[in-house]
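Analysis of the macromolecular model
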Amino acid sequence: MMKQRRQLLKGLVLALGVAWAGVTYAPNAAMAEDKVTVFAAASLKNALDAINAEWQKESGKETTVSYAASSALAKQVEQGAPADVFISADLAWMDYLAEKKLIKDDTRANLLGNRIVLVSGKADAQPVEIKQGFDLAALVGDGRLAMGAVDSVPAGKYGKAALEKLGVWSTVEQKVAGAESVRAALLLVSRGEAPYGIVYQTDAAADPGVKVVGTFPEESHPPIIYPIAITAESKSADAAAYVDFIKSDKAAPLFEKQGFTILK
């Protein structure tokens, strides 16, 4: 009798275990399959977080987003990271993936434009006229000029190009604090670890701890263009619909709110 009870109890436990697995794990797996995995330039975070919330509200689908420097994200895609959509802060890193056949070329589009600005963490910082030969070195003084890494991070590359065009790069090159992303450069200024920094105007708008003191002339650097594409290895059934939403009139105001320009 006791043996029969033990067997009955064991069977009940196994049955409950199977039922629990069906309830707990199957939906999670389904949810994971429903998510679109997005690799996006760090400067897009505020706008894209808002847009993704709208996408989920409208479609019932979720996104998983990794924000970092476009260079780092492109390298991760190259190494096989499971991204469905890549949004770069410049054309070069999208071109890099295209040359390696790692994006679906027919899904590629130029999405957004931006500007680069000079910011300070000091509330009383005075406006700076950014022009040929302006004395940026004197402004920075003994401090550091925060920028994205100038050899890889798009904002850093744009900033270096502008300073070279304006004839002042050689005067500040040794003062540059190169950061792993534009948001990391912004944080150095916001925390007071660097008196000035060069970031996108959208980043400056997202951080109340910094003040824009000058805007770089558009002709001083290559056009700032954010391209978007679906990756070649994407298996997501929702990636195309997600990209369409990102490019739609519903998403445009959320990008514009952060200071981006919509490219058509």
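Everything below is about the structure shown above.
In short, a report on the structure. Since this is a predicted model, take the numbers as computed values, not measurements.

Attention now moves to the sheet that holds strand S7 (residues 176-179). In spatial order, the strands read S7-S6-S8-S5-S9; together these five strands make up an open sheet with mixed pairing. With one partner strand each, in any of the chains shown, S7 and strand S9 (211-215) form the two edges of the open sheet. Within the sheet, the average angular offset between the axes of one strand and its neighbour, ignoring direction, is 35 degrees. Summarising the sheet, strand S6 (residues 145-148) and strand S8 (residues 196-200) pair through two bridges and their orientation is parallel. Looking at S8, one finds that Ala146 is bridged to Gly197. The strands that helix H6 (residues 154-165) touches are strand S5 (116-120), S6 and S8; relative to S6, the one it contacts most, it runs at about 125 degrees. In this fold helix H8 (residues 182-190) packs onto S5, S6, S7 and S8, with an angle of close to 145 degrees to the strand it touches most, S8.

Along the chain, Phe134 turns up in the loop between S5 and helix H5 (136-140). With relative accessibility at 6%, the residue Phe134 sits in the buried group. Once the C-alpha coordinates of Phe134 and Gly167 are considered, the two residues, 33 residues apart in sequence, prove to be 8.3 Å apart. If sequence neighbours within four positions are ignored, Phe134 has contacts with Val128, Glu129, Leu163, Leu166, Val168 and Phe216.

A word on the pattern of salt bridges. Using the criterion set out here, one finds 14 salt bridges in the structure. Between Lys75 and Glu78 there is a salt bridge, and its shortest N-O distance comes to 4.0 Å. One end of the pair is Lys75 and the other is Glu78, both in helix H3 (residues 70-78) and three residues apart, which spans about a single turn. Taking the shortest distance from any N to any O, the salt bridge between Glu233 and Lys235 comes out at 3.9 Å. Here the two residues Glu233 and Lys235 agree in accessibility, since each one is exposed. Taken together, the shared-partner salt bridges connect Lys75, Glu78 and Lys100 into one network.

Glancing now at helix H10 (residues 239-246). Turning to H10, its buried residues are Ala239, Tyr242, Val243, Phe245 and Ile246. Down the axis of H10, the sector holding all buried residues measures 160 degrees, keeping them to one side.

The subject of this paragraph is the sheet that holds strand S1 (residues 36-41). In any sheet, the strands associate via hydrogen bonds between backbone groups, in a parallel or an antiparallel arrangement. Taken in spatial order, the six strands of this open sheet run S2-S1-S3-S10-S4-S11, and their pairing is mixed. Edge strands, defined here as strands with exactly one partner in the open sheet, are strand S2 (63-68) and strand S11 (261-262). Strand direction decides the pairing type here: S1 and S2, joined by six bridges, are parallel. Directly across from Val38, in S2, lies its bridge partner Val65. Relative to the sheet, H3 contacts S1, S2 and strand S3 (85-87), its axis offset from that of S1 by approximately 140 degrees.

Enumeration according to the criterion identifies seven aromatic pairs in this entry. Geometrically, the ring pair formed by Trp55 and Tyr242 is edge-to-face, given 5.5 Å between the ring centres and 85 degrees between the ring planes. With Trp55 in helix H2 (residues 45-59) and Tyr242 in helix H10, this pair connects stretches of sequence that are 187 residues apart. Judged by relative accessible area, Trp55 falls into the buried class, the value being 6%. With a relative accessible area of 0%, Tyr242 lands in the buried category. Each ring, one from Trp93 and one from Tyr96, has its centre 5.1 Å from the other, and the planes form 65 degrees; the classification is edge-to-face. One end of the pair is Trp93 and the other is Tyr96, both in helix H4 (residues 91-99) and three residues apart, which spans about a single turn. Taking relative accessible area as the criterion, Trp93 reaches 13% and is therefore assigned buried. Taken together, the ring pairs connect Tyr158, Tyr200, Tyr226, Phe255 and Phe260 into an aromatic cluster.

Definitions and cut-offs
- Residues numbered from 1 in each chain as written.
- Predicted model: local features only at pLDDT ≥ 70, side-chain atom pairs only at ≥ 80, totals over all residues.
- Heavy atoms only, no water.
- Pairing = 2+ DSSP bridges.
- Helix = DSSP H or I, 4+ residues; strand = E, 2+ residues; numbered from the N terminus.
- Axes fitted to C-alpha atoms, helices over the stretch in contact; angles between N-to-C directions.
- Contact = heavy atoms within 4.5 Å.
- Buried < 20%, exposed > 50% of the residue type's maximum accessible area, 1.4 Å probe, protein only.
- Salt bridge = Lys/Arg side-chain N within 4 Å of Asp/Glu carboxyl O.
- Arc of directions from axis to C-beta.
- Phe/Tyr/Trp six-rings, centres within 6.5 Å; stacked < 30°, edge-to-face > 60°.

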